[in-house]
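Secondary and tertiary structure notes
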Amino acid sequence: MTEVFPGIHWIKMPIPMDESSLAHVNIYLIQGESGYLLVDSGWNTSESFDTLQKNLAEIGADIKEISQILVTHVHPDHYGMAGRIKKLSGASITMHDIEKGLIAPRYVTMDELLKQTDRWLVTNGLPHDEMVGMRDATVGLERFIVPAYPDITLHGGETITTGLFNFQVIWTPGHSSGHICLYEQEEKILIAGDHVLPTITPNISLHPQSVENPLGSYINSLNDMKQLDTELILPGHEKPFTRLTPRIDEIIRHHEQRNREILAMVKDEPKTAYDIAMDVTWGVNASWQDLPNFHKRMAIFETLAHLELMVANSQVKKLSQDSVIYYRQT
Ligand SMILES: [Zn+2]
Ligand SMILES: [Zn+2]
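So, how was this worked out
- Residues numbered from 1 in each chain as written.
- Chains lettered and ligands numbered in written order.
- Predicted model: local features only at pLDDT ≥ 70, side-chain atom pairs only at ≥ 80, totals over all residues.
- Heavy atoms only, no water.
- Helix = DSSP H or I, 4+ residues; strand = E, 2+ residues; numbered from the N terminus.
- Donors = N, O, S within 2.8 Å, 3.2 Å for Na, K, Ca; no water.
- Tetrahedral: all angles 85-135°; square planar, octahedral: opposite > 155°, others 65-115°.
- Buried < 20%, exposed > 50% of the residue type's maximum accessible area, 1.4 Å probe, protein only.
- Pairing = 2+ DSSP bridges.

This part takes up unusual backbone geometry. For M110, which is not a glycine, the phi torsion comes out positive at approximately 55°. By secondary structure assignment, the location of M110 is in the loop between α4 (97–108) and α5 (111–123). One non-glycine residue, S323, lies in positive phi territory at about 65°. Tracing the chain through its elements places S323 in the loop between β13 (316–321) and β14 (324–329).

This is the structure we're talking about:
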């Protein structure tokens, strides 16, 4: 455990999957007057749980002293163990109201969302014979999640006071529809979740649970963030960093570059998101055929996010033929 700022402890939690490009997920333990505020939880695995306990012991704390768990978004790496910690400590869970709505379809009822996603992928060009493999790539993850509903829901604009700190809640839709960041104005600290990471570009996807134009929302919420006066950024992955605006500019340039790449692909003929995703430079050393299904699925969703942004900007138009959606440059 590292004390990244007096009263804020950084804990690196393990990630259970080999094929993940992420080495760990960061959670932050923040000292309050009566107990700790924990930002994010890590996956629910015994390794994660042991890591948390070991780190708490280092500062003479106990899991029972966690009084509040704030979830930046309900992706399994950030939310998976929140329910287990709550059961042991009685801590309240706080998250954005939109994220609350994602819990049941993703982690409790599941079947309906899986079927909806199958249909969605096929509509976007996925061949029928690849559908089952694509679905199986996400099934089984639920064993790393203890679903728990929030006690407190947020909409952005609230202040969370922990004793030493006053965190403003900033709603930052894009990576997840109800993603939030926490900003401490006095100390110039931003807890960024997966909204801004120091070198990895956060995944922005269009899928059945996302907002209409997630990449548009994401870029807007990134640009809004540039006005914050920050000295320390505490991200959900990789390491804490200091320079927010240059990193935001880099992320936006990356997306603009990919927009141009995709736009050129649909210049002469309409293509499906699946066709386009196969040809995009994903920055991995593997051909499309060799990519794991989980990555292929994300690649299609990311391609769709770019296409929808360009539809909103009138650079691309959306056509439908035989229940399949194609995109073409306008
Ligand atoms: Zn995430
Ligand atoms: Zn994450």
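Within the protein, H73 (NE2), H75 (ND1), H175 (NE2) and D194 (OD) serve as the donor atoms for the zinc ion (ligand 1), at 2.1 to 2.3 Å. Considering all four donor atoms around the zinc ion (ligand 1), angles at the metal cover 89 to 177° and the coordination shape is irregular. Spacing between the donor residues of the zinc ion (ligand 1) along their common chain follows H-x1-H-x99-H-x18-D. Here the zinc ion (ligand 2) and the zinc ion (ligand 1) are spaced 3.4 Å from one another, each receiving a donor from D194. Placement of H73 in the loop between β5 (66–70) and α2 (76–79) and of H175 in the loop between β9 (166–171) and β10 (180–184) is noted, with a sequence separation of 102 residues between them. For the pair formed by H73 and H175, the shared burial category is buried.

A few words now on the pairing of β10. β10 sits mainly inside the fold: five of its five residues count as buried. Side chains of β10 alternate between two faces, with I180, L182 and E184 and C181 and Y183 buried alike. Inspection of the sheet shows β10 paired to strand β11 (residues 189–193) by three bridges, in the antiparallel sense. Bridge pairing links E184 to I189 in β11. Taking the residues between adjacent antiparallel strands as the criterion, β10 and β11 are bridged by four residues, where K188 takes a positive phi near 60°.

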